[in-house]
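Letter by letter, the chains look like this.
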Amino acid sequence: MKKLFKNTTCLLAAAMLSTSGIQAQGTPRDMDRFIDDLMKKMTVEEKIGQLNLPVTGEIVTGQAKSSGVANQIVQSRVGGLFGLKGVDRIRELQQLAVEKSRLGIPLIFGLDVIHGYETVFPIPLGLSCTWDLEAIEQSARIAATEASADGIAWTFSPMVDISRDPRWGRVSEGNGEDPFLGGAIAQAMVRGYQGSNPDQQLTRNDQIMACVKHYALYGAAEAGRDYNTVDMSRQRMFNEYLYPYQAAVDAGVGSVMASFNEVDGVPATANRWLMTDLLRGQWGFQGFVVTDYTGIAEMVQHGIGDLQTVSARALNAGIDMDMVSDGFASTLKKSLDEGKVSMEAIDQACRRMLEAKYKLGLFDDPYKYCDTKRPARDIFNKEHRATARRIAASSFVLLKNQPMQGKAEPILPLKKQGTVAVIGPLGNTRSNMPGTWSVAARLDAYPSLYEGLKEMLAGKAEVLWAKGSNLMSDASYEERATMFGRSLNRDQRTDQQLLDEALATAVRADVIIAALGESSEMSGESSSRSELGIPDTQRALLEALLATGKPVVLTLFTGRPLTLCWEQEHVPAILNVWFGGSEAAYAIGDVLFGDVNPSGKLTMSFPKNVGQIPIYYAHKNTGRPLAEGHWFEKFRSNYLDVDNEPLYPFGYGLSYTTFQYSDVSLSSQTLTADSSITATVTLTNNGQRDGAEVVQLYIHDLVGSSTRPVRELRGFQKVFLKAGESRQITFQITPDLLRYYNYELQHVAEPGDFDVMIGGNSQQLKSARFTLK
Ligand code: NOJ
């Protein structure tokens, strides 16, 4: 971040500095001087105001001046606002800050721009299944372009919480179970939002500040229940959970959001070790830290003090900005007077907030993100939509694809002919297409699957539709699962009536696309589930559709891994489409009808049942492992009623073509401290279609001073091969790649034997051995 403000010349800065005879040069020292000067003029109350981030409701243009926050802005009691979008509204409030507050300090406007803006990309879990860092960066770039055109300077993304528990609804917002992949994605997202050239981040008005969240360990909530307690060893933190946050810091992320959970018995928001010693001391983070929504006030419920106490604890831990609690604004002055916080601590937080605004160029031009010409040009345009469609199609994961009995060809891809029936409660819903956390989505503007397919197949095939069932039999559950304008319009007919209608439609069809699974609000925040099957009425519908004897393709909408043993056994083809965003319907059509060959691979294991959770590929061996492929053995680590394997492993996903891997060859069997080994496989597309494969490299440290996982992802490449084409794929293995945090938390590569494994998923791998000297 240090180089961000290289080319920034601040008008306001220049004006202020000229009165003190200093020229603004745009270097870090200039920034320091500018902020020193500004802070000399600020009262304590104004400094505390910079640390305050209230949420606005929707404010109608022209009403900003009389809105609730207007007075606070004029009184300099607000550092930024979130929840607001629209150039005119944002300009109005910015104008109040700049023209009517005493020192004219601009506000920072933030929003949850998580997987796109009006052009919506797949939910992050889906995006991660592309394993395509360029595509992921591009999705964040487009999100930044659109959000910044609408007044937004700051996004609460990327969310990089590792999770191994699909009961937790927020797995939909993250990148799955693996820290190595999660770290790479975190960096791609930061580059996409802030700019890919580290020297020029945030210099343009289509680049916005990122906020990595939720620091830290939020994805390890006990029992997958959102906001629940987290407790884990330091070794596990460092080896399995912290890396993606650190990777974002290394990529220059401008801000960090504290998580709701506790870490080592102290809420993250008050945890000085986390916020200061580790984040700033060890990782060298230079930006600012914001709490999560009411994170400070919630510490009263956590039971560590009243609002004044917890606000002081948060500031002393290293929090700079208070989102919504009003704890800083209402108590810090009192705590200062009583000696519970120091002036230095308030100054430090205030300085960090001013630095962020300086880096964003807001002192130079407070209206940098308020160009009224941009929205029409930059938001939801043709080019963005085409990219979203392409990326959505590459996020889908083909879980199964078999022929119907007596046929040779697998069901997919379908032919664009005859009669196609789209059946299921997810088949004709516009508002559920974008997926959770799409706050700028135009919920009625994107086609439903049925509408999209009808458009795509016009003149080639007839497309029919029937709902077939409600989301689930329990109406109140359905209400909880379809909030915030995402209703599935619960049908008042009986289950039997809905089914009869569906079967009448099904008999007219040559093929059935069963659009089933979760509604988009069954995952995301505060959407934990204790059962992970396709809900009851939908399963009954699926059984009835299969009983017609027609080919059925389960087109699965979900924000998390589901338990699908029955479906895997009985349904011939399953395409997991997550929630694919604004262009999802077309992208699904592209894949179902073969214009795009699916290439997504799972980034989270799919369990066989809930009892197996947490289940993840990088598990430890234990002292009593069960041999792979075996099931029950007494006095081994296993279950009486299910084996240890997931239904679909991490890294798994099929294609319309097939890929063959040669054995792994190594350039040497020995690795020394400053050398590297090249691992090579030959990959062949030995099927009939062109396609892309995600080649994955795993490493197993056979003997460590601490126990080591059976394998860990340490490299991947997405490779496109024409039918019949072969290519040598190489990976460089350096000692750095072998490091882990040992018992003393030293980051070491320990001499000894290692297996390197390469393949198309975490279970089907070719392996070779080398020794680190
Ligand atoms: C709470 C969520 O945990 C966080 O991810 C989000 O950014 C904030 N609310 C602001 O909406």
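Residues numbered from 1 in each chain as written. Predicted model: local features only at pLDDT ≥ 70, side-chain atom pairs only at ≥ 80, totals over all residues. Heavy atoms only, no water.

Undergrad: So, the overall build of the protein chain: which residues are in play, and what are the values?
TA: Within the protein chain, the secondary structure is distributed over 23 helices and 27 strands. A globule of 773 residues ought to have a C-alpha radius of gyration of about 28 Å, and the protein chain, at 27 Å, matches this closely. Dimensions of the protein chain, computed from the C-alpha atoms along their principal axes, are close to 85 × 65 × 50 Å. Counting over 773 residues, the protein chain shows a buried share of 61%. Taking as baseline every contact in the protein chain between residues at least 6 positions apart, the subset at least 24 positions apart corresponds to 78%. Carbon and sulfur atoms provide 47% of the accessible area of the protein chain, an area that totals close to 28,500 Å². (Helix = DSSP H or I, 4+ residues; strand = E, 2+ residues; numbered from the N terminus. Rg over C-alpha atoms; globule rule 2.2 N^0.38 Å. Buried < 20%, exposed > 50% of the residue type's maximum accessible area, 1.4 Å probe, protein only. Contact = heavy atoms within 4.5 Å. Areas by Shrake-Rupley, 256 points an atom, 1.4 Å probe, with all protein chains shown as cover.)

Undergrad: Please provide a residue-by-residue account of the domain arrangement of the protein chain, values included.
TA: When the parts of a complex come together, some accessible area is lost, and that lost area is often taken as the interface size. In terms of domain boundaries, the protein chain breaks down into domain 1 (392–592) and domain 2 (657–772). Computed from C-alpha coordinates alone, the two centres of domain 1 and domain 2 are separated by 37 Å. (Domains from an automatic or database assignment.)

Undergrad: So what's going on with the sheet that holds strand β3 (residues 108–111)? Which residues, and what values?
TA: Taken in spatial order, the three strands of this open sheet run β2-β3-β4, and their pairing is parallel. The sheet terminates laterally at β2 (80–82) and β4 (154–155), the two strands that pair on one side only. As paired strands, β2 and β3 are joined by three bridges and run parallel to one another. The partner of Phe82 across the bridge, within β3, is Gly110. (Pairing = 2+ DSSP bridges.)

Undergrad: So what about the side chain of Arg708? Which residues, and what values?
TA: Within the element layout of this structure, Arg708 appears in the loop between β21 (691–701) and β22 (712–721). With a relative accessible area of 8%, Arg708 lands in the buried category. Of the polar contacts made by the side chain of Arg708, one reaches the side chain of Asp701; its length is 3.3 Å. Within polar-contact distance, the side chain of Arg708 engages the side chain of Glu712 at 2.9 Å. Discounting chain neighbours no more than four positions away, the residues touching Arg708 are Lys620, Asp701 and Tyr740. (Polar contact = N/O pair within 3.5 Å; in protein donor to acceptor, adjacent residues only side chain to side chain.)

Undergrad: Tell me what's going on with the site of the ligand, and back it up with residues and numbers.
TA: Around the ligand, a shell composed of 13 residues is seen, among which Asp112, Arg170, Lys213, His214 and Asp292 lie nearest. At 2.7 Å, a side-chain N or O of Arg170 approaches an oxygen atom of the ligand. When isolated, the ligand has an accessible area of 290 Å², and the protein chains bury 95% of it. Residues that form the shell around the ligand fall into these classes: seven nonpolar, one polar and five charged. (Near = heavy atom within 4 Å. Nonpolar A, V, L, I, M, F, W, Y, C, P; charged D, E, K, R; others polar.)

Undergrad: Got a sec to walk through the sheet that holds strand β26 (residues 752–759)? Specific residues and values, please.
TA: Backbone-to-backbone hydrogen bonds pair the strands of a sheet. The strands run either parallel or antiparallel. The strand order across the open sheet built from five strands is β19-β27-β26-β21-β22, with neighbouring strands paired in mixed fashion. Here the strands that pair on one side only, and so sit at the sheet edges, are β19 (670–671) and β22. Two strands pair when backbone bridges link them, and β26 and strand β27 (residues 765–772) are joined in this way by eight bridges, in the antiparallel orientation. Residue Gly759 lies in a different strand from β27, and its bridge partner there is Leu765.

Undergrad: Explain the nonpolar core to me, and be specific about the residues and the numbers.
TA: One finds Trp154 and Tyr215 to be the most contacted residues of the largest nonpolar core, which totals 134 residues. Once residues lying within four places of it in the same chain are set aside, the contact partners of Tyr215 are Tyr245, Val256, Met257, Ala258, Ser259, Ala268, Leu274, Met275, Leu278, Leu279 and Trp283. (Core = buried A, V, L, I, M, F, W, Y, C linked by side-chain atoms within 4.5 Å.)

Undergrad: So what's going on with helix α23 (residues 584–592)? Residues and values would help.
TA: Taking burial as the measure, the nine residues of α23 include nine buried ones, the bulk of the element. Looking at α23, one finds that the buried residues are Ala584, Ala585, Tyr586, Ala587, Ile588, Gly589, Asp590, Val591 and Leu592. If you follow the buried residues of α23, they end up packed against α17 (382–395), α18 (449–457), β14 (511–517), β15 (552–557) and β16 (573–576). Where α23 ends, the next residue or the one after it, Gly594, has phi of about 85 degrees, a positive value.

Undergrad: Let's hear about unusual backbone geometry: which residues, and what values?
TA: Pro158 follows Ser157 through a cis peptide bond whose omega is 10 degrees. Here Pro158 is to be found in the loop between β4 and α8 (179–194). Located in the positive-phi region is Ser76, a residue other than glycine, with phi close to 60 degrees. In this fold, Ser76 is placed in the loop between α4 (68–74) and β2. One non-glycine residue with positive phi stands out, namely Val324, at about 75 degrees. By secondary structure assignment, the location of Val324 is in the loop between β10 (322–323) and α14 (327–337). Val324 gets classed as partly exposed once you look at its relative accessible area, which sits at 21%.

Undergrad: Run through the packing of α17 against α23, naming residues and quoting values.
TA: Their axes nearest at 8 Å, the elements α17 and α23 cross at an angle of 50 degrees. Between α17 and α23, the angle falls in the class oblique. When the axes of α17 and α23 are compared, the crossing they make is right-handed. Seen from α17, the contacting residues are Arg385, Arg389, Ala392 and Ala393; seen from α23, they are Tyr586, Ala587, Asp590 and Val591. Each residue belonging to the contact of α17 with α23 can be placed in one class, and the counts come to five nonpolar, no polar and three charged. (Axes fitted to C-alpha atoms, helices over the stretch in contact; angles between N-to-C directions. Parallel < 35°, antiparallel > 145°, perpendicular 65-115°, else oblique. Left-handed = near helix turned anticlockwise from the far one by under 90°.)

Undergrad: Just give me the short version of the packing of aromatic side chains, but keep the residues and values in it.
TA: By convention here, two paired aromatic rings are described through the distance between centres and the angle between planes. Counted according to the given criterion, the structure contains 26 aromatic pairs. Centre to centre, the rings of Phe606 and Tyr648 are 5.8 Å apart; their planes meet at 65 degrees, and the pair counts as edge-to-face. Taken together, the positions of Phe606 in the loop between α23 and β17 (659–661) and Tyr648 in the loop between α23 and β17 put the pair 42 residues apart, joining distant regions of the chain. Phe606 sits in the buried class, given a relative accessible area of 0%. A relative accessible area of 2% places Tyr648 in the buried class. Following the ring pairs from residue to residue traces out a cluster consisting of Trp131, Phe180, Tyr617, Phe650, Tyr698 and Phe716. (Phe/Tyr/Trp six-rings, centres within 6.5 Å; stacked < 30°, edge-to-face > 60°.)

Undergrad: I'd like to hear about the pairing of strand β12 (residues 419–423), residue by residue, with values.
TA: Where a strand is regular, its side chains alternate between the two sheet faces. Counted residue by residue, β12 has five buried out of five residues, so it is predominantly covered. What you see with β12 is no split at all: Thr419, Ala421 and Ile423 on one side and Val420 and Val422 on the other are buried throughout. Inspection of the sheet shows β12 paired to strand β13 (residues 462–466) by five bridges, in the parallel sense. Residue pairing in the sheet places Val420 in a bridge with Val463 of β13. Read from β12 through α18 to β13, the crossover connection turns out right-handed. Relative to β14, β12 runs parallel, the two being bridged by four bridges. What sits directly across from Val422, in β14, is Ile513. (Right-handed = clockwise from strand over helix to strand, strands pointing away.)

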